[in-house]
Amino acid sequence: MNIDFILEKMLVNKNDTAIVTNGCEYTFGDILQKYEGSKNILSQNSIEKGSIVSVIAEFSPLSIALFLALIENDSIIVPISKSVKSVNDYNRVAEVGFVIDLSDDVNVKVAETGAIVKHPMLCSLIEKQHPGLILFSSGTTGEPKAALHDMVQLIEKFKKPGKKISTVTFLLFDHIGGFNTMMHSLSSGSLIVTLKERSPEEVCRLIAQYHVELLPASPTFINMILLSRAYERFDLSSLKMISYGTEPMPESTLKTMHKIMPNVKLKQTYGLSELGIMSTKSESSDSLYMKIGGDGFETKIVDDILYIRAKSAMLGYLNAPSPFDEEGWFNTKDKVEVKGEYLKILGRTTDLINVGGEKVYPNEIESFLLSIDGVKDAFVYGEDNPITGKMVVAEICVDHENNNRDFIKMLRKCSMEHLEAFKRPASYRLTEEMFCGNRFKKNRRGA
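Residues numbered from 1 in each chain as written. Predicted model: local features only at pLDDT ≥ 70, side-chain atom pairs only at ≥ 80, totals over all residues. Heavy atoms only, no water.

(A) The pattern of salt bridges, seen in detail. Considering all chains together, one arrives at 21 salt bridges under this definition. The partner of Glu 201 in a salt bridge is Arg 233, with the nearest N and O atoms 2.7 Å apart. Here Arg 233 lies in the loop between helix H9 (219-228) and strand E12 (241-244) and Glu 201 lies in helix H8 (residues 200-210), a separation of 32 residues in the sequence. Judged by its relative accessible area of 46%, Arg 233 falls in the partly exposed class. For the salt bridge of Asp 334 with Arg 348, the shortest nitrogen-to-oxygen distance reads 2.8 Å. Placement of the pair is Asp 334 in strand E20 (residues 330-339) and Arg 348 in strand E21 (residues 342-348), with a sequence separation of 14 residues. Residue Asp 334 is classed as buried on the basis of its relative accessible area, which comes to 5%. (Salt bridge = Lys/Arg side-chain N within 4 Å of Asp/Glu carboxyl O. Helix = DSSP H or I, 4+ residues; strand = E, 2+ residues; numbered from the N terminus. Buried < 20%, exposed > 50% of the residue type's maximum accessible area, 1.4 Å probe, protein only.)

(B) Expanded view of the packing of aromatic side chains. Tallying each qualifying case throughout the model produces 8 aromatic pairs. Both rings, one in Tyr 90 and one in Phe 136, keep their centres 3.9 Å apart while their planes meet at 5°; by these two values the pair is stacked. Of this pair, Tyr 90 sits in helix H4 (residues 87-93) while Phe 136 sits in strand E7 (residues 132-136), placing them 46 residues apart in sequence. On the basis of relative accessibility, which here comes to 9%, the residue Tyr 90 falls in the buried class. Seen in terms of ring centroids, Phe 158 and Phe 179 are 6.4 Å apart; in terms of plane orientation they differ by 80°. Their pairing is edge-to-face. You can see Phe 158 sitting in the loop between helix H6 (151-154) and strand E9 (167-168) and its partner Phe 179 sitting in helix H7 (residues 176-188), a full 21 residues away along the chain. For Phe 158, a relative accessible area of 5% puts it in the buried group. Through a chain of ring-to-ring contacts, the aromatic side chains of Phe 59, Phe 67, Phe 158, Phe 173 and Phe 179 assemble into a single cluster. Note that Lys 300 overlies the ring of Tyr 307, its terminal NZ or CZ placed 5.7 Å from the centroid. (Phe/Tyr/Trp six-rings, centres within 6.5 Å; stacked < 30°, edge-to-face > 60°. Lys NZ or Arg CZ within 6 Å of the ring centre and 35° of its normal.)

(C) Region of the structure containing helix H1 (residues 4-12). Three or more residues of H1 are buried, namely Phe 5, Ile 6, Leu 7 and Met 10. Contact partners of the buried residues in H1: helix H2 (28-44), helix H3 (61-72) and H7. (Contact = heavy atoms within 4.5 Å.)

(D) Up close: H2. When the terminal C-alpha atoms of H2 are compared, their 24 Å separation across 17 residues agrees well with the 24 Å that a helix rising 1.5 Å per residue should span. Residue Thr 27 occupies the N-cap position of H2, its side-chain oxygen lying 3.3 Å from the main-chain nitrogen of Gly 29. Ser 46 occupies a position one or two residues after H2 and carries a positive phi of about 55°. (Expected span 1.5 Å × (residues − 1). Polar contact = N/O pair within 3.5 Å; in protein donor to acceptor, adjacent residues only side chain to side chain.)

(E) Looking closely at the sheet that holds strand E4 (residues 76-80). Spatially, the 7 strands line up as an open sheet ordered E6-E5-E3-E4-E7-E8-E19, and their pairing is mixed. Looking along the sheet, the strands with just one partner apiece sit at the ends: strand E6 (109-112) and strand E19 (316-317). With 4 bridges joining them, strand E5 (residues 98-101) and E6 adopt antiparallel strand pairing. Bridged to Ile 100 within E6 is Val 110. Packed onto the sheet, helix H5 (residues 120-127) meets strand E3 (52-56), E4, E7, strand E8 (146-150) and E19 and runs at close to 20° relative to E8. (Pairing = 2+ DSSP bridges. Axes fitted to C-alpha atoms, helices over the stretch in contact; angles between N-to-C directions.)

(F) Summary view of the nonpolar core. Within the largest apolar cluster, 44 residues are counted, with the highest numbers of intra-cluster contacts made by Val 55, Phe 67 and Phe 179. Looking at this core element by element, the count peaks at 9 residues for H3. Excluding residues within four positions of it along the chain, Phe 67 makes contact with Ile 77, Pro 79, Leu 133, Met 151, Phe 173, Phe 179 and Met 182. With 33 residues, the next largest nonpolar core counts Val 168, Tyr 210, Met 224 and Leu 266 among its residues. (Core = buried A, V, L, I, M, F, W, Y, C linked by side-chain atoms within 4.5 Å.)

(G) Inspection of the side chain of Thr 169 at higher detail. Looking at the element boundaries, Thr 169 is found in the loop between E9 and H7. Classification of Thr 169 as buried rests on a relative accessible area of 8%. In this view, Thr 169 contacts Phe 59, Ile 192, Val 193, Thr 194 and Leu 195; residues no more than four positions away in its chain are not counted.

Listed below in structure tokens is the structure:
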């Protein structure tokens with residue numbers, strides 16, 4: 001069956017703690033019991049094999065058990081975080097037949113939509129009797145793209161258990177990284193600790209309380225930990241690794257974190273909703289260069305752009321043209337710099353700012369600005385300019401005492417001393433608000 005290998009592993013570890021949520025500990029045996037109960041929920045609500053089912057939830061014993069029951073039911077699953085506001089749009093695009101709402105983590109609400117499955121890719125997957133997964137992009141412009149995966153291909157790599165390591169569920173229920181965290185934990189017998197709120201204080205508190213070994217986070221959130229100095233208020237000696245991804249990491253942030261936590265391995269990850277999560281190896285904890293690949297993945301560089309071909313690649317978008325070429329290669333749009341076996345991601349080609357023919361990478365400028373005392377966060381993007389086509393704009397997060405013209409004058413002086421003319425921001429805009437949404441990454445715009 002689809003998940004026999006996971007159920008067997010959970011049975012072996014039935015007495016071990018699998019998940020901590022809201023201060024309560026649940027064993028793998030507890031999740032197995034909820035798995036049996038979840039199968040009854042599907043049966044009682046006539047959710048037949050091949051049904052397309054959206055699940056509104058965050059990580060909990062019940063949501064994990066239900067997810068497993070749906071995989072075993074050959075269902076096509078649409079995980080939706082509770083923070084998503086466009087649930088109806090997601091359900092429409094995915095042609096969802098049943099909506100399971102676990103918003104309060106206790107009661108199960110099931111609603112049938114009456115939708116008829118028409119999309120050829122969905123029909124084909126149902127005909128094959130394979131479970132599926134639909135992940136929506138978190139883009140800020142246009143309709144989010146719906147990536148359809150064959151779950152059989154996606155879970156294949158978890159049949160070889162990874163290293164046992166406790167972690168916090170920073171990445172959300174509907175994110176490819178969150179899916180990866182869940183499946184790795186189940187297949188390796190690892191503990192996961194859920195977050196009631198994704199704040200530096202709460203994350204550091206839980207790491208200390210439950211001796212967590214791995215923190216997966218975005219660079220933006222890592223910067224927030226540094227600014228909050230929460231690492232000074234809790235014993236984080238159990239932490240072995242911080243993995244970071246979802247957006248470019250400013251080099252200044254990476255080096256600062258490495259200096260503060262020299263014994264913690266800082267590892268860059270790489271994955272896309274369209275392809276899955278790849279194996280990576282950072283050159284060192286304070287380097288942005290990494291090796292990427294692993295079983296089932298091929299890479300090539302064309303005109304400094306990274307292309308990937310993967311066995312675990314999605315079948316396609318439900319609401320957009322296929323991004324794969326005739327040979328199955330996916331253009332990541334990530335501009336890279338190569339050094340031997342390692343590469344460094346400079347930024348998305350869609351984010352580059354063209355200033356009079358010169359290319360500016362927002363991440364490079366942000367990294368420089370973050371190295372200046374008094375700068376809490378920086379967000380760089382392009383705006384139209386009648387002479388150069390685009391100009392560089394920098395929004396700078398500062399404390400109240402620095403929110404003044406003198407601080408802007410200091411920023412201009414530093415930029416003139418250290419940045420080439422075309423890289424210097426033409427406009428500085430100060431704010432006292434951090435630049436992140438509920439997924440704790442910067443939303444690029446205007447570039």
